[in-house]
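One letter stands for each residue in the lines below.
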Amino acid sequence: MALNTSADAPLPVGQVSRLIGGWIDRLGAVWVEGQITQISRRPGAGVVFLTLRDPSHDISVGVTCFRQVFDPIADVVAEGARVVVRAKPEWYAPRGQLSLRATEMKPVGIGELLARLERLKKSLAGEGLFALDRKRPLPFLPQRIGLVTGRASAAERDVLENARRRWPAVRFEVRNVAVQGVSAVAQVVQAVKELDELPDVDVIIVARGGGSVEDLLPFSDEQLVRTVFGCRTPVVSAIGHEPDSPLLDLVADVRASTPTDAAKKVVPDVGEELDRVQLLRDRALRTVRGLIDREERGLAHALARPVMERPHRMVEDREAEVDALVARSRRTLGHLLDRADSELSHTRARVVALSPAATLERGYAVLQRSDGAVVRSPQEVTAGDELRARVAEGEFAVRVAE
């Protein structure tokens, strides 16, 4: 209910606290799940104090219960265990503190945890967080590797030693975090975000040794899965051993069966790479030598051809052909000219034989009138006409007698 207050008419702290307490007292009992981060059982005391924490968020709340509520599960739960509590919210007005008064408490069993993980797995898969087409390839030789692991752990030692053994010049940016317990999720998420923001980190490895299902629960946390999904840097999951399969394995770009396997997947082996380089060099050398040998054989074959042994032979052959063609042309032209000369001589002889001059040479004469017309009949002239007579040696005038 809204209160009418102002800077001139404020409410006392006690009244505000009592009002909050009154509102909380009207709330009913609720079932709450969380992770026990602290247990306080004083000898002889009838009340047990617990702190429940949400492992996915940095939120905790105090729980109080009577010993008869906690004692039935005291032997099966400890700090870090997950429990389900039926409790009623309570408000402690003098300190302004919220707590839960538990009336029932049950440990969360392995079967139930696995069932919840399976439901979460299906939900995240439906959103596409585990899709294969979004996974990125690892760089061939990362300049700097981000490593998220426990401090002085076997996983850290395995990754660092194996990576440096394979490639001595490799560099690491290590973030030591809690890998199990109540603060594991928050620290791992923060470390992954920090490494993802560093521009020179090319790949991030999240590594942890083996453990129970409860120990590996932080690496199936939804917040961590979504954080890895949003990373721009490729992430390698190296959690536990081969049979272990937290949800981080599914969202990571590469899954490694062990921390040692992660080092092998991320860093190339310098010896293997040198052998591969030598193999490629030998192959390239054989290829170049083969090309040179083939070109040398082709050159030797070309030099062995007659035209290369005697470069002028081609010109000489062509010169002989030209001379033969010229001689044939001359012979052909001579034959043509001789035949034409013979035909001309025969034609000239026939012309001469048939020429009027030849007739005149035999003593004949041709009479022509003054107009040049040839006289062919006596009737064409009359007495006294002057005519011209053409003979072989010339011409002269004649007169027709009566």
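All chains use their own residue numbering, which begins from 1 and follows the written sequence. This being a predicted model, a pLDDT of at least 70 is required before a residue's local features are given, and a value of 80 or more before pairs of side-chain atoms are given or counted; all residues contribute to the totals for chains, interfaces and linings. Side-chain calculation: all heavy atoms of the structure are included, whereas hydrogens and water are not.

Some words on the overall build of the chain
To keep things clear, this is the line we draw: Runs of H or I in DSSP of at least four residues are treated as helices and runs of E of at least two as strands, each being numbered from the N terminus. Radius of gyration here uses only the C-alpha atoms, and the compact-globule reference equals 2.2 Å multiplied by the residue count raised to the power 0.38. In short, Shrake-Rupley with a 1.4 Å probe defines the accessible areas, and a residue's cover is counted only from the protein chains shown. The charge count treats Lys and Arg as positive and Asp and Glu as negative. His and the chain ends do not count. In this description, the location of a charge corresponds to atom NZ of lysine, CZ of arginine, CG of aspartate or CD of glutamate.
Tallying secondary structure elements over the chain gives twelve helices and 13 strands in all. Its C-alpha radius of gyration of 61 Å places the chain more than 25% over the 21 Å reference for a compact globule of 402 residues. If one aligns the C-alpha atoms of the chain with their principal axes, the spans along those axes are about 200 × 70 × 45 Å. Total accessible area on the chain stands at roughly 25,500 Å², and carbon and sulfur atoms take up 55% of it. When the 57 positive and 57 negative side-chain charges of the chain are each reduced to one mean point, those points stand 4 Å apart.

Things to note about the environment of Val83
Defined as follows: We call a residue buried when its accessible area falls under 20% of the maximum for its residue type, exposed when it is over 50%, and partly exposed in between, using a 1.4 Å probe and counting protein chains only.
Among the secondary structure elements, Val83 is positioned in strand S4 (residues 82-92). Val83 sits in the buried class, given a relative accessible area of 0%. Along the chain, Val83 and Ile73 lie ten residues apart, while their C-alpha atoms are 9.8 Å from each other.

Examining the side chain of Arg166
Note the cut-off: The salt bridge criterion pairs a side-chain nitrogen of Lys or Arg with a carboxyl oxygen of Asp or Glu, the two atoms within 4 Å. Contacts described as polar in this section are N or O atom pairs within 3.5 Å, which, within protein, must combine one atom able to donate a hydrogen with one able to accept it, while residues neighboring in sequence count only if both atoms come from side chains. Note on contacts: a residue pair is in contact if any heavy atoms of the two residues lie within 4.5 Å.
Along the chain, the position of Arg166 falls in helix H4 (residues 154-166). An unpaired buried charge is present at Arg166: no salt bridge exists, and Asp269, the closest side chain of opposite charge, is 4.2 Å distant. There is a polar contact of 2.9 Å between the side chain of Arg166 and the backbone oxygen of Val267. In this view, Arg166 contacts Ala263, Lys264, Val267, Pro268, Asp269 and Val270; residues no more than four positions away in its chain are not counted.

Regarding the sheet that holds strand S9 (residues 235-239)
Working definition: the strands of a sheet are paired by backbone hydrogen bonds and lie parallel or antiparallel to each other. The condition that has to hold: For two strands to count as paired, DSSP must find a minimum of two bridges between them. In this analysis an axis means a line fitted to C-alpha atoms, helices contributing only their contacting stretch, and an angle means the value between N-to-C directions, from 0 to 180 degrees.
On the basis of which strands lie adjacent, the open sheet formed by five strands has the order S7-S6-S8-S9-S10 and parallel pairing. The open sheet has two free edges, formed respectively by strand S7 (172-176) and strand S10 (254-255), since each of these has just one partner strand. Sitting on the sheet, H4 is in contact with strand S6 (145-149), S7 and strand S8 (203-208), with an inclination near 175° to S7.

With respect to a nonpolar patch on the surface
Operational definition: Residues with no salt bridge and a relative accessible area higher than 30% make up the patches, which join like charges within 9 Å and nonpolar side chains (Val, Leu, Ile, Met, Phe, Trp, Tyr) within 5 Å.
Together, Leu299, Leu303 and Met308 make up a nonpolar patch on the protein surface, roughly 300 Å² of accessible area in all. If you trace the backbone, Leu299 turns up in helix H9 (residues 270-303). Judged by its relative accessible area of 51%, Leu299 falls in the exposed class.

What to know about helix H1 (residues 13-25)
An α-helical turn contains 3.6 residues, so a residue and the one three or four places further along point in the same direction. Stated precisely, the cut-off is as follows: One less than the residue count of a helix, multiplied by 1.5 Å, gives the span that helix is expected to have. The arc under discussion is defined with respect to the helix axis, by the directions toward the C-beta atoms.
With 13 residues, H1 extends 18 Å between its outermost C-alpha atoms, agreeing within 8% with the 18 Å of an ideal straight helix rising 1.5 Å per residue. Every buried residue of H1 is accounted for by Ser17, Gly21 and Ile24. All buried residues of H1 project into a common sector of 65° when viewed along the axis, lining one side. Across from the buried face of H1, at angles greater than 90 degrees, the exposed residues are Arg18 and Trp23.

Here's the deal with the pattern of salt bridges
Applying the stated criterion across every chain, the model contains 19 salt bridges. Here Arg175 makes a salt bridge to Glu173, at a shortest N to O gap of 3.0 Å. Ionic pairing is found between Glu194 and Arg175, a salt bridge with its closest N-O pair at 3.0 Å. With a gap of 19 residues between them, Glu194 in helix H5 (residues 184-197) and Arg175 in strand S7 connect regions that are remote in the sequence. Since its relative accessible area comes to 31%, Glu194 is described here as partly exposed. Each of Arg144, Glu173, Arg175, Glu194 and Asp200 takes part in a single network of salt bridges with overlapping partners.

Topic: the environment of Leu114
Checked against the element boundaries, Leu114 lands in helix H3 (residues 110-126). Spatially, the C-alpha atom of Leu114 lies 9.9 Å from that of Glu214, the residues being 100 residues apart in sequence.

Topic: the packing of aromatic side chains
We apply this condition: When two rings of Phe, Tyr or Trp (its six-membered ring) have centres within 6.5 Å they constitute a pair, described as stacked for plane angles under 30 degrees, edge-to-face for angles over 60, and tilted for the intermediate range. The criterion for a charge sitting over a ring is simple: Lys NZ or Arg CZ within 6 Å of the ring centre, and within 35 degrees of the ring normal.
Under the counting rule described, the total for this entry stands at zero aromatic pairs. In this structure, Arg101 is placed above the aromatic ring of Phe66, and the distance from its NZ or CZ to the ring centre is 5.3 Å.

Concerning the sheet that holds strand S3 (residues 59-66)
One closed barrel accounts for five strands, arranged S1-S2-S3-S5-S4; its pairing is mixed. Strand-to-strand twist in this sheet, taken as the mean axis angle between neighbours without regard to direction, amounts to 55°. Where H1 meets the sheet, it contacts S4 and strand S5 (97-107), and its direction lies at approximately 135° from that of S4.

Examining the pairing of S5
Pairing between S3 and S5: three bridges, direction parallel. Residue pairing in the sheet places Val63 in a bridge with Leu100 of S5. Two strands pair when backbone bridges link them, and S4 and S5 are joined in this way by ten bridges, in the antiparallel orientation. Bridge pairing in S5 links Pro89 to Leu100. Linking two consecutive strands that pair antiparallel, namely S4 and S5, is a turn of four residues; a positive phi of about 60° is found at Gly96 within it.

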